[in-house]
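Here are the chains, one letter per residue:
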Amino acid sequence: MSEASEHGQKAGFDTRAIHAGYDPDPTTGAVIPPIYATSTYKQDGVGGMRGGYEYSRSANPTRTALEKTIAALEDGERGFAFASGLAAEHTLVQALTAPGGHVVIPDDAYGGTYRLFAKVEQPHGLAHTPADMSDLDAVRAAIRPGETSMIWLETPTNPLLTIGDIEALAAIAHDAGARLVVDNTFASPYLQQPLTLGADVVVHSTTKYCGGHSDVVGGALVVRDLEVAERIAFHQNSIGAVAGAFDSWLTLRGLKTLGVRMERHCDNAERVVEFLAGHRAVSQVVYPGLEEHPGHAVASRQMKRYGGIVSFRVAGGEQQALDVCARAEVFTLAESLGGIESLIEHPGRMTHASVAGTELEVPADLIRLSVGIETADDLLADLDRALG
Ligand SMILES: Cc1ncc(COP(=O)(O)O)c(C=O)c1O
């Protein structure tokens, strides 16, 4: 189906999520894309490819359906699916930077992204400068004129939910002759569409909200500029870290319900925020939907709602934070986020243990919740019990 409805206007988000990437199979009428478990394709005479399919690293119809769907949801022109979020990131960096170049990255980037730049790209000659993305002057100061080719943004960030202004950062990047890359994993395309705000590339760990069921690891890139798309396509095929057919199918199935899931994640997160804000064992709740959150105004401008991740600090210090994590039952103690099930974690000892002792260290009394889509009353009762 094209992205326009039969009346010519752009189809709504949920319609695109369900129909944009695939028309029912002409042979059988199958309404859901088959899992094309094939590595190669019969040619009708040498070079006579059917639909351009030659070999499944280069393209596979199940992956194509996913790539078209995510491009439609991000309001982009081309999408690319990878074996993981980090595979997408590495491919992008190889496609758009060169040795001797420089990128500006968030000073609170996802740890794996930071490790990619510091331990993989830097030894190959790509320099980086961390900057506070919520401070536009700090970003301007981090740019090396003539050298910086990319500004990398996550918004909201993990676990402190810092907000970066996509429109303002796109303008800063473009003034410097650089591109703005936005990791849209936490918001998902349902809540925020960075390309419509001037960003050049969107990155996803589709492992999170896009897949949404904690059953598949994957990544994606989406762009509007077709020249950039060609460079990414070349590197996707040359590096080969592509999404397999089964993983593509699972991710596609998840994307079809992204809109309804995100509404429920947000509803439940708002209930959790309200509950935590009134609890005496809680000293601070961090959520961009709260007026006191420093990024609230920007988040209100660029996000539809404020997402399913809630962080909070407990009055009783680190031991109490660990105890709460251990006592929770409906909230499962686990890393990752964005699935249907609620998760609880202690960033200081779990996802962010590697930054302990650095300026990126997170408070020891901090707890991060990935609020799932269970019955909200059960989530509140569980937190109440866990907080003692
Ligand atoms: C914001 C963000 N970006 C990228 C990644 C990396 O994605 P993956 O784990 O799918 O490689 C993650 C993983 O947690 C993430 O949270």
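This section reports on the structure supplied with the text.

Cut-offs applied
Throughout this description, residue numbers start from 1 for each chain and increase along the sequence as written. Residue-level local features of this predicted model are given only where pLDDT is at least 70; pairs of side-chain atoms are given and counted only at 80 or more, and the full residue set underlies all totals for whole chains, interfaces and linings. By convention in this description, side-chain values take in all heavy atoms of the structure and omit both hydrogens and water. Here a cavity means grid points, on a 1 Å grid over the protein atoms only, where a 1.4 Å probe fits yet cannot get out; a pocket means an open set of points with protein on both sides within 12 Å along at least five of seven lines; lining residues are those with an atom within 4 Å of a point. Grid points are joined across faces, edges and corners, and a volume is the space filled by probe spheres set on the points. A helix here means a DSSP run of H or I that spans at least four residues, while a strand means a run of E at least two residues long, and both kinds are numbered starting from the N terminus. Here the nonpolar group is Ala, Val, Leu, Ile, Met, Phe, Trp, Tyr, Cys and Pro; Asp, Glu, Lys and Arg are the charged ones; every other residue, Gly included, is treated as polar. If DSSP finds at least two bridges between two strands, the strands pair. Lines fitted to C-alpha atoms define the axes here, with helix axes fitted over just the stretch in contact, and angles between the N-to-C directions of these axes take values from 0 to 180 degrees. Only protein chains enter the area calculation, which uses a 1.4 Å probe; residues under 20% of their type maximum are buried, those over 50% are exposed, and those in between are partly exposed. Two N or O atoms form a polar contact when they lie within 3.5 Å of each other; inside protein one atom must be a possible hydrogen donor and the other a possible acceptor, and for residues adjacent in sequence the pair counts only when both atoms belong to side chains. Residue contacts are defined here by distance: any two heavy atoms, one from each residue, within 4.5 Å place the two residues in contact. By definition, disulfides here are pairs of cysteine sulfur atoms that lie within 2.5 Å. We call a residue near a given molecule or strand whenever any one of its heavy atoms falls within 4 Å of it. Method for areas: the Shrake-Rupley scheme with a 1.4 Å probe, in which residue coverage is limited to the protein chains shown. A molecule is said to be in a cavity or pocket once over half of its atoms fall within 2 Å of that pocket's grid points.

Glancing now at the layout of surface pockets. Rolling a probe over the atoms, with the probe sized like a water molecule, indicates the empty space that remains. In this structure, the largest pocket spans a volume of roughly 1,000 Å³. Along its surface, the largest pocket is lined by 47 residues, and Ala109, Tyr110, Gly111, Gly112 and His352 are the ones closest to its centre. Those elements that place two or more of their residues in the lining of the largest pocket are α3 (85-96), α4 (111-121), β3 (127-131) and β6 (201-205). Examining the composition of the lining of the largest pocket, we find that five residues originate from one element, α4, more than from any other. Within the lining of the largest pocket, the residues separate by chemical class into 16 nonpolar, 19 polar and twelve charged. The volume enclosed by the second largest pocket comes to roughly 380 Å³. Lining the second largest pocket are 17 residues, with Tyr22, Asp23, Tyr36, Tyr53 and Pro61 sitting closest to its centre. Partitioning the lining of the second largest pocket into residue classes produces eleven nonpolar, three polar and three charged.

Further remarks concern the sheet that holds strand β2 (residues 102-106). Here seven strands make up an open sheet; going across it, the order is β1-β7-β6-β5-β4-β2-β3 and the pairing mixed. Taken across any chain shown, the strands that pair with only one partner, and hence form the sheet edges, are β1 (78-82) and β3. Direction aside, the axes of adjacent strands within the sheet are offset by 20° on average. With five bridges connecting them, β1 and strand β7 (residues 219-223) associate as antiparallel partners. Of the residues in β7, the one forming a bridge with Gly79 is Val222.

Looking at where Asn60 falls in the secondary structure, it is placed in the loop between α1 (13-19) and α2 (61-73). With a relative accessible area of 4%, Asn60 lands in the buried category. There is a polar contact of 3.1 Å between the side chain of Asn60 and the side chain of Ser56. If near-sequence neighbours (up to four positions away) are discounted, Asn60 is found in contact with Tyr36, Thr38, Tyr41, Tyr53 and Ala245.

Take the state of the cysteines next. Going through the model one piece at a time under the given rule, you end up with zero disulfides. Cysteine Cys266 is unpaired, with the sulfur of Cys210 as its nearest cysteine sulfur at 14 Å.

In the vicinity of the ligand, the contacting residues are Ser84, Gly85, Leu86, Glu89, Tyr110, Asp183, Thr185, Ser205, Thr207, Lys208 and Gly218. Between an oxygen atom of the ligand and a side-chain N or O atom of Ser205, the distance comes to 2.8 Å. In isolation the ligand has 390 Å² of accessible area, and contact with the protein removes 89% of it. Placement of the ligand is best described as lying within the largest pocket. Ranked by residue count, the leading element in the shell around the ligand is α3, at three residues. Taken together, the residues that form the shell around the ligand break down as two nonpolar, six polar and three charged.

The analysis is restricted to geometry; functional conclusions fall outside its scope.
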